[in-house]
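Spelled out, the chains give:
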Amino acid sequence: MKATPLSISAAAAVAIALVRVIFFTPYEMRQGAAQKIFYIHASSAWVAFLAFGLVGLASALYLWLREERLDRIAEASAEVGLIFMTVVLISGPLWGKPIWGTYWTWDARLTLSLFLWFIILGYLVLRGAIDDRAMRARYSAVLGILAALLIPFVHLSVYLFRTLHPMPIIAKPSAPSLPSQMLVTLIMMFVAFTLMYVALLRARYRLAVARDEAAEAYHA
Amino acid sequence: MPDNAGFYHLAYAAAVVIYSAYAFSIHVRRKRVRGRRSR
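Note that this is a predicted model, so its numbers are computed, not measured.

Here we look at the overall build of chain A
Working step 1: Secondary structure summary: chain A contains 6 helices and 0 strands in total.
Working step 2: Going residue by residue from the N terminus, the α and β elements of chain A occur as α-α-α-α-α-α.
Working step 3: Its C-alpha atoms give chain A a radius of gyration of 19 Å, near enough to 17 Å, the size a compact globule of 220 residues would have.
Working step 4: By residue count, 40% of the 220 residues in chain A fall in the buried class.
Working step 5: A sequence separation of at least 24 residues applies to 75% of the contacts in chain A between residues at least 6 apart.

Rendered as structure tokens:
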């Protein structure tokens, strides 16, 4: 990944947010140090949803406008989002073991999140399996839209089903239920991770452009 | 307060490794594509 003003500011923002989490945010008395996993877990989840939302939007626009650029944006966002979702699925169980007493339970939020991860993995596998660019873009756009439709269900699953997963702390109708010091840390992590997502998305998009140009030069 | 700092350290270490490895993988793939183009 090239050092650009965007990637440098994203790295700096993440470093500052991590310093704040580690050294300037208090421990929660009942959960202890494991509660701090929440900052990386929730901000990775927010970015994963943002990324998959963009996959759905770019895919829908591709089917309408047939612009290759939109297909590349969807591809790049799906791959970057999958990385963030992987961190969600690793950090969640590492919080669950000390707090719930188990790494994993087949509860609605956890199961739907894993299901979304597999759909996006399937999306990327599908893209790798089709050589024809137009056909690949069309088929994956349909799958990208279907994956994005799952996002509201994942978010609302804690209301729709009886689950062990905690209720939303910020993305809810009432005021955030976090002490201000922890809330500031969480907001800093959200901003830093969103910047990191934009930087990774840009780098991954440029890779897709370079790859397509190389393929065109090879076939010319 | 419960002593569970090991899980906290492991979660952050895993996240740092995953994000760094991914950024590095983009760099490596980009270099490979550039090499293919120049050939």
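Topic: the overall build of chain B
Working step 1: Across its full length, chain B carries 1 helix and 0 strands.
Working step 2: With respect to the three principal axes, the spread of C-alpha positions in chain B is 60 × 10 × 5 Å.
Working step 3: Within the span of chain B, comprising 39 residues, buried residues form 18% of the whole.

Observations regarding the environment of W100 of chain A
Residues and elements named next belong to chain A.
Working step 1: Residue position: W100 is located in helix α3 (residues 68-100).
Working step 2: Between the alpha carbons of W100 and R206 there is a distance of 42 Å; along the sequence they are 106 residues apart.
Working step 3: Aside from chain neighbours lying at most four places away, what touches W100 is T105 and L164.

Concerning unusual backbone geometry
Residue and element names in this part refer to chain A.
Working step 1: Phi at R66 is positive, roughly 55°, even though this residue is not glycine.
Working step 2: Inspection of the secondary structure puts R66 in the loop between α2 (37-65) and α3.
Working step 3: Owing to 13 C-beta atoms within 10 Å, R66 belongs among the partly exposed residues under this scheme.

Description of the packing of α2 of chain A against helix α5 (residues 133-160) of chain A
Geometrically, a packed helix pair is captured by the angle between its two axes and the distance between the axes.
Residues and elements named next belong to chain A.
Working step 1: Between α2 and α5, the least distance of the axes is 8 Å, while the angle of their chain directions is 140°. Between α2 and α5, the crossing angle belongs to the class labelled oblique. Like other packed secondary-structure pairs, α2 and α5 cross with a definite hand, here left-handed. The segment α2 lies against α5, with F49, F52, G53, V55, G56, S59, A60, Y62 and L63 engaging A137, A141, G144, I145, A147, A148 and I151.
Working step 2: Of the residues contributing to the contact of α2 with α5, the split by class is 12 nonpolar, 4 polar and no charged.

A closer look at the interface of chain A and chain B
Working step 1: If you look at the interface, chain A gives 26 residues, while chain B gives 24 residues.
Working step 2: For the side of chain A that touches chain B, the secondary structure elements donating two or more residues are α2, α3 and α6 (180-219) of chain A.
Working step 3: Here the side of chain A that touches chain B gets 9 residues from one element, more than from any other, and that element is α3 of chain A.
Working step 4: Its residues assigned to classes, the side of chain A that touches chain B shows 19 nonpolar, 3 polar and 4 charged.

Considerations on the nonpolar core
Working step 1: Core analysis: the largest hydrophobic core is formed by 68 residues, its most contacted members being A51, F84 and Y197 of chain A.
Working step 2: Residue assignment for this core shows that the elements contributing at least two residues are α1 (5-24), α2, α3, α4 (108-129), α5 and α6 of chain A together with α1 (5-38) of chain B.
Working step 3: Broken down by element, this core gets its largest block of residues, 17 residues, from α2 of chain A.
Working step 4: Setting aside anything within four residues of it in sequence, one finds A51 of chain A in contact with S77, V80, G81, F84 and Y197 of chain A.

Some thoughts on the environment of S180 of chain A
Working step 1: Along the chain, S180 of chain A falls in helix α6.
Working step 2: Distance in space between the C-alpha atoms of S180 of chain A and I83 of chain A is 29 Å, their sequence separation being 97 residues.

Things to note about α5 of chain A
All names here are of chain A.
Working step 1: When the terminal C-alpha atoms of α5 are compared, their 39 Å separation across 28 residues agrees well with the 40 Å that a helix rising 1.5 Å per residue should span.
Working step 2: The largest bend in α5 amounts to roughly 30° and is located at V154.
Working step 3: Residues of α5 that are buried include every one of A137, S140, A141, L143, G144, A147, A148 and V154, and no others.
Working step 4: Residues of α5 that are buried sit in contact with α2, α3 and α4.

Regarding α1 of chain B
Working step 1: With 34 residues, α1 of chain B ought to run about 50 Å at 1.5 Å a step, and its terminal C-alpha atoms sit 50 Å apart, in line with that.
Working step 2: Summarising the contacts, the buried residues of α1 of chain B are in contact with α2, α3 and α6 of chain A.

Considering the confidence of the model for chain B
Working step 1: When the pLDDT values of chain B are averaged, the result is 92; 97% of them are 70 or greater.
Working step 2: Confidence estimates for the predicted assembly give a pTM of 0.95 and an ipTM of 0.94.

Rules behind the numbers
- Residues numbered from 1 in each chain as written.
- Chains lettered and ligands numbered in written order.
- Predicted model: local features only at pLDDT ≥ 70, side-chain atom pairs only at ≥ 80, totals over all residues.
- Helix = DSSP H or I, 4+ residues; strand = E, 2+ residues; numbered from the N terminus.
- Rg over C-alpha atoms; globule rule 2.2 N^0.38 Å.
- Buried ≥ 20, exposed ≤ 12 C-beta atoms within 10 Å, placed from the backbone.
- Contact = placed C-beta atoms within 7 Å.
- Axes fitted to C-alpha atoms, helices over the stretch in contact; angles between N-to-C directions.
- Parallel < 35°, antiparallel > 145°, perpendicular 65-115°, else oblique.
- Left-handed = near helix turned anticlockwise from the far one by under 90°.
- Nonpolar A, V, L, I, M, F, W, Y, C, P; charged D, E, K, R; others polar.
- Core = buried A, V, L, I, M, F, W, Y, C linked by C-beta atoms within 7 Å.
- Expected span 1.5 Å × (residues − 1).
- Bend = angle between axes of the 7 residues up to and from the residue.
- pLDDT = per-residue confidence, 0-100.

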